[in-house]
Amino acid sequence: MRASLLLLATLILAGCGSTPQPPEPQRLRAALEAESEGAKRYQRGDYAFAARRFDEAVRLHAAIDDSAGTGRNRLHLARSELALGRAEAALVVLASAAGGADAGFALDILLLKAQAQLALARDAEAQQSLAAAAGLCSDSCAQAASLHLLQARAALAARGAADALAHAETALKLLQGKDQAHETGNAWRLVAAARLAAGDAAGALPAAQTALDIDRRLALPEKIAGDWLLIGDIRRKVDAGDTAAAYRRALAVADAAGLIQISMMATQALKDIGMEKKAAD
Amino acid sequence: MSLLTQYDADAAALRRGIRRFLIVAVLATLAVAAAIVVRQGVFRQTTNFSFVTNSAQDIVKGQPVRIAGFRVGSVADVSLKDDGQVLVNLEIDADHMRFVTHDARVELRKDGLVGAATLEILPGTDLSRLAPAQARLKFSRADGLAALANQVRDEFVPILKDIKAITGALADPQQGLPGTLAQIRSSSEALNTLLTNSNRQIEGIGGTAIRILGKTEQDLKYLGQTLETANQRLPAMIDRTQQVLDHVEKITAEAETSVPPALRDGSSVAADVREIVSGAKQAWPIRNFVDAPAPATLKADSDPRGEAARAR
């Protein structure tokens with residue numbers, strides 16, 4: 001008993017007497033905390049707050065001449081702006097990131113730029129950004145799947161359904177066994193949209209359903225509502241009787257999440273098929 | 001015989017001892033008496049001042065009087081005047097008279113929350129003129145517990161009223177948050193419908209115009225393409241900008257009328273709290289237990305808004 005007490009006391013003394021870890025400089029610590037808090041908020045879907053914290057982190061890192069931290073947080077800020085639907089603001093941030101960042105961020109900057117350009121329907125510029133990105137990323141690079149998904153989106157916008165499907169399927173292969181549920185959901189959605197555009201509505205339906213299942217697991221209202229719209233479009237194409245039900249689900253989700261644009265699209269889709277706005281099934 | 005002689009010598013020694021003891025005792029008694037007299041200030045040169053107050057609460061005879069924390073005198077007398085006021089006489093050492101200016105003020109203070117009350121003479125600003133003997137000084141009481149409680153109450157009552165107003169305003173289905181949100185949503189929907197209709201018309205006109213221009217003049221083809229591109233891009237931008245402006249204006253207007261000032265200060269309060277938390281994190285020894293976070297990585301998501309599904 002006495003020996004164990006002695007051992008315990010020795011351990012405590014050793015612990016107290018050990019060399020303390022040198023603390024990080026306070027400004028760096030504050031910058032990292034702002035970045036970390038922003039990332040937590042981003043993960044929770046609070047993109048507006050995340051953007052404010054990343055903006056603060058950019059300034060804090062810049063104030064200590066930490067170019068890696070500044071560039072990294074500019075990319076985070078651009079991602080938050082894109083999630084908020086502010087593609088123009090994201091492009092402004094990316095322009096400043098491209099000016100001061102080190103070469104390690106070049107590919108990410110190009111991919112985010114293409115993402116913003118696609119959101120703004122600047123398809124030609126998006127194609128250019130993606131071509132430049134493809135030059136920096138082989139199939140073994142970490143962002144290869146994201147690159148293929150953006151290429152699929154660009155091809156879809158240019159009415160190249162076959163190209164879009166090929167890129168989306170390549171992305172799916174690259175994502176197999178990886179912990180990237182968001183991108184996997186995006187890939188299935190694109191497969192569905194590409195098959196629908198190519199006239200294969202029957203093949204599009206299971207892909208859209210898979211995308212919906214993934215987005216439900218991730219609890220992403222905007223994507224879930226979008227998936228229901230897509231499912232509605234597919235059912236309409238194959239003359240399925242439950243088309244209105246899909247649009248109504250899209251409307252219900254969009255209304256509940258306050259997604260005005262999707263809500264309007266679902267209402268319009270219901271009108272197009274001769275159905276008035278009703279309560280969700 | 002020798003035995004008697006020996007007895008006399010012993011008796012004399014005893015008498016001498018007793019006499020010495022008595023002398024020492026008398027001297028000690030006199031010294032104590034002298035000390036008491038000196039302590040009472042019998043031989044001290046003092047000057048008397050007085051002040052008048054409406055209550056003798058916490059003022060007693062013999063109570064110390066201080067200047068800058070040093071004892072310089074005491075309360076000589078507390079008496080009730082014919083008009084019901086209380087007259088307090090102070091005895092101040094002449095040595096400290098130089099601090100008692102003609103505009104000096106006496107303040108009753110308490111040492112801590114439960115300490116004894118003391119009178120403090122606060123010299124005035126005009127140091128060139130001293131108070132004459134028997135001068136009547138001004139008197140005030142420093143904030144005690146009751147005053148502090150009143151002060152706290154005065155600070156809290158408006159906040160509590162604000163909270164009551166906030167909860168009332170927020171819960172109100174017509175004017176409160178539910179009503180405001182409903183108004184914002186209905187306004188946005190109406191505006192968006194209007195803008196969508198306008199966009200369609202503009203696009204139609206733009207398409208027709210381009211066809212006509214293409215037939216009549218080839219050189220204007222580029223201009224037509226530019227217009228078409230602008231037509232495609234502008235509606236989305238105008239739509240989005242208009243939505244944002246509409247929301248901001250609506251919320252600001254509603255905030256001005258229905259949100260009390262305390263709620264509008266929320267952001268600064270939140271900033272303060274964040275500052276405090278971050279300060280606490282950086283303070284020893286807490287900082288030793290809180291590691292600085294590692295650089296963050298966000299999950300890859302090339303389509304965070306699911307726009308691919310809406311490319312209809």
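This part takes up a positive patch on the surface. Residues Arg15, Arg16, Arg19 and Arg20 of chain B make up a contiguous surface patch of positive charge. Inspection of the secondary structure assignment puts arginine 19 of chain B in helix α1 (residues 2-39).

In this section: the nonpolar core. All names here are of chain A. By size, the foremost hydrophobic cluster in this structure holds 58 residues, and its most contacted members are Leu111, Leu130, Leu190, Ala192, Trp228, Leu230 and Ile234. Top contributing element to this core by residue count: helix α8 (residues 144-157), with 9 residues. Sequence-distant contacts of leucine 130, that is, excluding residues within four places in its chain, are made with Leu111, Ala114, Leu147, Leu150, Gln151 and Ala154.

Moving on, we come to the sheet that holds strand β1 (residues 46-53) of chain B. Around the barrel, 7 strands lie side by side as β1-β4-β3-β2-β6-β5-β7 (chain B); this closed barrel has mixed pairing. When the angles between neighbouring strand axes are averaged without regard to direction, this sheet yields 35 degrees.

Here the focus is empty space enclosed by the protein. Tallied over the full model, the rule gives 2 cavities of 30 Å³ or more. Reported here for the largest cavity is a volume of approximately 50 Å³. If you go around the largest cavity, the residues you meet are Leu82, Gln115, Ala119 and Arg153 of chain A together with Asp303, Pro304, Arg305 and Glu307 of chain B. Looking at the lining of the largest cavity, its residues break down into 3 nonpolar, 1 polar and 4 charged. The computed volume of the second largest cavity comes to approximately 40 Å³. Lining the second largest cavity are Asp139, Cys141, Ala142, Ala144, Ala145, Leu174, Leu175, Lys178 and Gln180 of chain A.

Further remarks concern the state of the cysteines. All names here are of chain A. Tallied over the full model, the rule gives 1 disulfide over all chains. Put simply, cysteine 137 and cysteine 141 are joined by a disulfide, and their sulfur atoms are 1.7 Å apart. Measuring handedness by torsion sign, the sulfur bridge of cysteine 137 and cysteine 141 sits at about -65 degrees and is left-handed. When sorted by exposure, cysteine 137 lands in the same class as cysteine 141, which is buried.

This part takes up the confidence of the model for chain B. Mean pLDDT over chain B works out to 71, with 47% of the residues at or above the 70 mark. Here the prediction assigns the complex a pTM of 0.51, and the interface score ipTM is 0.80.

Basis of the calculations
Residues numbered from 1 in each chain as written. Chains lettered and ligands numbered in written order. Predicted model: local features only at pLDDT ≥ 70, side-chain atom pairs only at ≥ 80, totals over all residues. Heavy atoms only, no water. Patch = residues over 30% accessible without salt bridge, like charges linked within 9 Å, V, L, I, M, F, W, Y side chains within 5 Å. Areas by Shrake-Rupley, 256 points an atom, 1.4 Å probe, with all protein chains shown as cover. Salt bridge = Lys/Arg side-chain N within 4 Å of Asp/Glu carboxyl O. Lys, Arg positive; Asp, Glu negative; His and termini not counted. Charge placed at Lys NZ, Arg CZ, Asp CG, Glu CD. Helix = DSSP H or I, 4+ residues; strand = E, 2+ residues; numbered from the N terminus. Core = buried A, V, L, I, M, F, W, Y, C linked by side-chain atoms within 4.5 Å. Buried < 20%, exposed > 50% of the residue type's maximum accessible area, 1.4 Å probe, protein only. Contact = heavy atoms within 4.5 Å. Pairing = 2+ DSSP bridges. Axes fitted to C-alpha atoms, helices over the stretch in contact; angles between N-to-C directions. 1 Å grid on protein atoms, 1.4 Å probe; cavity = no way out; pocket = protein on both sides within 12 Å on 5 of 7 lines; lining within 4 Å. Points joined across faces, edges and corners; volume = space filled by probe spheres on them. Nonpolar A, V, L, I, M, F, W, Y, C, P; charged D, E, K, R; others polar. Disulfide = S-S within 2.5 Å. pLDDT = per-residue confidence, 0-100.

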